[in-house]
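Remarks on the overall topology
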Amino acid sequence: MDERRKFERIMLPKAAKVFAETSEGKRFGQVTILGRGGMLVVTAEEFVAGSKHALFLVDDSEGIRREVHAVARYRAPEGPGFEFEQLDPDAAVEIGVIIGKYYSSAQ
């Protein structure tokens, strides 16, 4: 069987305050699941499966505001799931910082 999930994901606590923003700076939802492969955002906004977006992943407590290119893959009851496309090294490091910050509390 082919393993579809290549990257470990963590559930972020509500207190994490990690958000997704549009390229115009509009904060549209809180990120509740994050991995190197993508994220789940709690929002009522609709995203068409397969549509590509330039989004910003924001963690104010760490001073992170990093652009990521993502494809909307599915819609969960909470909101859309996005897959990251070709993360650049800086984005991968900053996503790793956020994951590391909450990893131990997720265990």
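Residues numbered from 1 in each chain as written. Predicted model: local features only at pLDDT ≥ 70, side-chain atom pairs only at ≥ 80, totals over all residues. Heavy atoms only, no water.

Counting buried positions along strand β4 (residues 38-42) yields four of five residues, so the element is predominantly enclosed. In this sheet, β4 lies alongside strand β3 (residues 27-35) in antiparallel orientation, the contact comprising five bridges. Looking at β4, one finds that Ile-33 is bridged to Leu-40. The loop that links β3 with its antiparallel partner β4 comprises two residues. Of the strand pairs in this sheet, β4 and strand β7 (residues 80-84) are connected by three bridges, and their pairing is antiparallel. Residue pairing for β7: Leu-40 is matched across the bridge by Gly-81. (Buried < 20%, exposed > 50% of the residue type's maximum accessible area, 1.4 Å probe, protein only. Helix = DSSP H or I, 4+ residues; strand = E, 2+ residues; numbered from the N terminus. Pairing = 2+ DSSP bridges.)

Attention shifts here to the pairing of strand β5 (residues 52-59). Here strand β2 (residues 18-22) runs beside β5; their pairing, made up of five bridges, is antiparallel. Its bridge partner being in β5, Ala-20 is matched across the sheet by Leu-57. Direction of pairing for β5 relative to strand β6 (residues 64-75): antiparallel, over a ladder of eight bridges. Along β6, the bridge assignment pairs Phe-56 with Glu-67.

Attention now goes to the nonpolar core. In this structure, Leu-12, Val-18, Val-31, Leu-34, Met-39, Leu-57 and Phe-82 are the most contacted members of the largest nonpolar core, which totals 24 residues. Put simply, the parts of the chain that give this core at least two residues each are β2, β3, β4, β5, β6, β7 and α1 (89-106). When residues in this core are grouped by element, the largest group, five residues, is from α1. If we skip the residues at most four places from it in the chain, Val-31 touches Leu-12, Val-18, Phe-19, Ala-20, Met-39, Leu-40, Val-41 and Leu-57. (Core = buried A, V, L, I, M, F, W, Y, C linked by side-chain atoms within 4.5 Å. Contact = heavy atoms within 4.5 Å.)

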